[in-house]
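If you want the building blocks of each chain, they are given just below.
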Amino acid sequence: MGSRPAIQVRHLVARGEAVLRGLTRSLGTRLALQFAALFTAAMVAVAVALSLLVASSLSQQVERDLATSGAVFDRLWQQRADELSATGATLARDFGFRSAVATGDEATLHSALDNVRLRARVSDAFIVGTDARVHGLRDGAMRDDAARLWNALDEGHTGGVAVLGGRMRQLVVAPILSPQLTGWLVLASDIDQRRMEGLEQLSAIPLKAGVMVRHAGRWNAVAGRALMAASAGTMPEPGRLFTLPGADGGALALARPIPTLGDDQQAMLLLAYPKRLAYAQQDRLVAALIVLTLVGLLAVALVTWRSAGRIIRPLVQLDLAAARIAEGANERVAVAGDDELARLGRTFNRMAGEIEERERRITHLAFNDPLTGLPNRAMFHEQLARQLGSRDGGMIAVHCLDLDNFKSVNDTLGHPAGDELLVMTAQRLTVAAHGHFVARLSGDEFVVIQQLDADSAAVDRLARGLVAALSHAVTIASQPVQTSTSLGIAIYPQDGAETSTLMRNADLALYRAKENGRGTFAYFEEALNERAQLRSRLEADLRVAIRDGQFVLYYQPLFDLATGAIASFEALIRWQHPTRGMVPPIEFIPFAEETGLIVPIGEWAMRDACRQAVHWPDGVRVAVNVSSIQFRHPSLVDMVLSALAHSGLQPDRLEIELTESIFLESEETTLANLYRLRSLGVRIALDDFGTGYSSLSYLQSFPFDKLKIDQSFIRNLFARQGASAVVRAIIDLAAALGMETTAEGVEDFAQLEELKLQGCSTVQGYLFSRPIDAAAAQALLNTNTGLRNYA
């Protein structure tokens, strides 16, 4: 038993040595391969550069050699032409020959031509007369070819290449003068393979020579047929080096033009230098470079391998230490020296310490709110799940609470003030919770977990204490702030056995507490769950109504008291539910505002009202109510502009009715939207005027087109003392500011007469008409009776 620890230690040491060898071999191999790859790349680049340079030099040398061989051919050609020209000129000046030509003595001509053919070593000698007749040729095909030379001879050509009887000949011409021109003596020397072989023997390089003739649109070889086959029957531009395909890599070739006598003929001297011979020097150089590259590669690999071994040993120690740190150990490495690896080791040790500290902070941040220091949502769920799992017959109460009107603090005093309020709230909650678990879920939402024993009244006491603790005025940013909280309670196990169920039910109870007036608490009841389901169904029905177009607009007329005519209609939305029938707006508009569905509903109402109003007389406007939620939507102005554009309604015939609630948030943004709407030409009316707290300040901020006096003032016009004076004051104020006034809810003639006396601009109410559908509104406009029916 005593030897087992020693065996384990030896096993660990052996394993570490194996890891070390493996890492050394792996990293060393990578370093060696990298340096070898760099060296190889450099050598390949050098080899490519040298190969390109040598290839270019060799090509230039081959071109010069081929050009020199071509010059030799030119000299031989000219030497033969001079020799034949001298022989021909001698015969053409002979008196007897000229006499025979003049008299047409065929025997003498044939004898003279046979004699000169032998002396000049030519294959044929003949005469072309000025009348294009040919003498001295017995072959009919050759006579025809010779006759076709007449044009070139007549133009003064004295030599060149031409095809006679299907064979290429070098022709030399001597004019016959007696003393006038009577014809031309033509000496024809064959151009054949033997002549090309002679040229090849005179060349300083091992080339192949041939002559190609283009006759009747086709190139043909008269000498050097193998070269003609390699060129595939085509000829490149003369004087430029090109490549001929073939065995052993083909050949480098050069074409030189040869003068011709035929009008439709071309001739080329083709000189070819086999690549195998031309590039032999380059191949030897490439082989030497390959040998040098391999030797250098082996040397670099050896040096790199030895250097890598010294470098990676400290790295192996760092790797092992990093692995132990990854396993959770507190590890450091030994450092010696002051080179780069030593500095790396010291940096590693410093980093290891910082990692420990960072992990501690990360763990704290992962489960704690950075602003208040309270546990966050993740820690709350973990804590509640742990408590639910450990309870055996006991109860747990979840208190879910948030601050009332916290958003107004953020909007009026700024987010730093809101953060300060949250910190103070966390501190006060921690004290009031008396040791129970407190967490911040998000924003201004907090939660307290209370463990219960036999004292069920403790839930009520704790809830009251929490509400009371947050119901005192505080000073934030040098401003007094009155705070309060609403709190909802769900109790395990009767209100839910799981975390999600308890939280959902606590939220429902919180919502009930806010409905009950805020600053209080409420317990979860099953009825709240049923109500939540009803709200969910209502939201689903509203979305179907938006999709299927179940909404309809009704219109209530507004009459001008000065003219008695209909001045405008107020568009009022109704919901034609497929099973519930006509649903009044009071049953769905507030919920639509809560869920944000008021935005698409309001957009539909705006578009439909504009579409209907464009068919009314020009002087009749349409008024559309815009919710404060819809007003704050970024697309409001673009939506109004689109509705006007698609309907064709003039902007001054659209009146947007707003309530004072639009000023509760960000007055600067509200005024910016109002002025943007005004810039379109749209009229703006302030609805329910007189029911808010700061109506007069709103009138100073923006010049509304109309004030709509709330119907509560009209209803109490004669029933409440001072109501008439308030209405008169509103009408006078509006007149002084250049605004119109509309009295809402006019229901009897006494109210109508009083409003006339006080100078109200327009009236609306059940006295004149209930809200009616679009067809009835159009019919009312067609009768055009105005207020005469109500006089």
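For the structure itself, look to the data block above.
One structure accompanies this document, and this report is about it. For clarity, every value in this text was computed on a predicted model and none was experimentally measured.

## Considerations on the environment of Gln 778
Position of Gln 778 relative to the elements: it lies in helix 26 (residues 774-783). Residues Gln 778 and Pro 617, 161 residues apart in the sequence, show an inter-C-alpha distance of 9.8 Å. Other than its neighbours up to four places away in sequence, Gln 778 contacts Gln 612, His 615 and Trp 616.

## Examining the sheet that holds strand 1 (residues 124-129)
With antiparallel pairing, the 5 strands of this open sheet are ordered in space as 2-1-5-4-3. Sheet topology places strand 2 (134-135) and strand 3 (159-164) at the edges, where each strand pairs with a single neighbour. Pairing between strand 3 and strand 4 (residues 167-177): 6 bridges, direction antiparallel. Counted as the bridge partner of Ala 162 is Arg 169 from strand 4. Packing against the sheet, helix 4 (residues 140-147) makes contact with strand 1, strand 2, strand 3 and strand 4, and its axis sits at approximately 145 degrees to strand 3.

## Thoughts on the pattern of salt bridges
If you walk through the whole model with that rule in mind, you get 24 salt bridges. The closest approach of N and O atoms between Asp 369 and Arg 440, which form a salt bridge, is 2.9 Å. With Asp 369 in the loop between helix 10 (340-367) and helix 11 (377-390) and Arg 440 in strand 12 (residues 437-442), this residue pair connects regions lying 71 residues apart in the sequence. The exposure classification of Asp 369 matches that of Arg 440, with both residues buried. Residues Arg 683 and Glu 655 are paired through a salt bridge, measuring 3.0 Å at the closest nitrogen-oxygen approach. Of this pair, Arg 683 sits in strand 23 (residues 683-689) while Glu 655 sits in strand 22 (residues 654-658), and the two are 28 residues apart along the sequence. With relative accessibility at 1%, the residue Glu 655 sits in the buried group. One network of salt bridges, with partners in common, ties together Arg 621, Glu 655, Arg 683, Lys 706 and Glu 740.

## Points about the pairing of strand 14 (residues 473-476)
Where a strand is regular, its side chains alternate between the two sheet faces. With burial as the criterion, only one face of strand 14 is covered, namely that bearing Val 474 and Ile 476; the residues Ala 473 and Thr 475 on the opposite face remain uncovered. In this sheet, strand 15 (residues 479-482) lies alongside strand 14 in antiparallel orientation, the contact comprising 4 bridges. Counted as the bridge partner of Ile 476 is Gln 479 from strand 15. Counting the residues that bridge the hairpin from strand 14 to strand 15 gives 2 residues, and of these Ala 477 lies at a positive phi of roughly 55 degrees.

## Comments concerning the nonpolar core
Core analysis: the biggest nonpolar cluster contains 79 residues, and Leu 542, Met 606, Val 622, Val 640, Leu 654 and Ile 656 have the highest contact counts within it. Among the elements that make up this core, the one with the highest residue count is helix 18 (residues 598-613) (8 residues). With near-sequence residues (within four places) excluded, Leu 542 lies in contact with Phe 551, Trp 575, Phe 588, Phe 591, Ala 592, Leu 597 and Ile 601. Residues Leu 422, Phe 446, Ala 458 and Ile 491 belong to the second largest nonpolar core, which totals 32 residues.

## Let's talk about unusual backbone geometry
In terms of backbone geometry, most residues other than glycine have negative phi values and most peptide bonds are trans. For the peptide bond that leads from Tyr 492 to Pro 493, omega is 10 degrees, which places it in the cis range. Within the fold, Pro 493 resides in the loop between strand 16 (485-492) and helix 15 (499-515). With a phi close to 55 degrees, Arg 121 is a non-glycine residue in the positive phi region. Unlike most non-glycine residues, Asn 405 shows phi in positive territory, near 60 degrees. Looking at the element boundaries, Asn 405 is found in the loop between strand 11 (395-403) and helix 12 (406-413).

Procedures and definitions
Residues numbered from 1 in each chain as written. Predicted model: local features only at pLDDT ≥ 70, side-chain atom pairs only at ≥ 80, totals over all residues. Heavy atoms only, no water. Helix = DSSP H or I, 4+ residues; strand = E, 2+ residues; numbered from the N terminus. Contact = heavy atoms within 4.5 Å. Pairing = 2+ DSSP bridges. Axes fitted to C-alpha atoms, helices over the stretch in contact; angles between N-to-C directions. Salt bridge = Lys/Arg side-chain N within 4 Å of Asp/Glu carboxyl O. Buried < 20%, exposed > 50% of the residue type's maximum accessible area, 1.4 Å probe, protein only. Core = buried A, V, L, I, M, F, W, Y, C linked by side-chain atoms within 4.5 Å.

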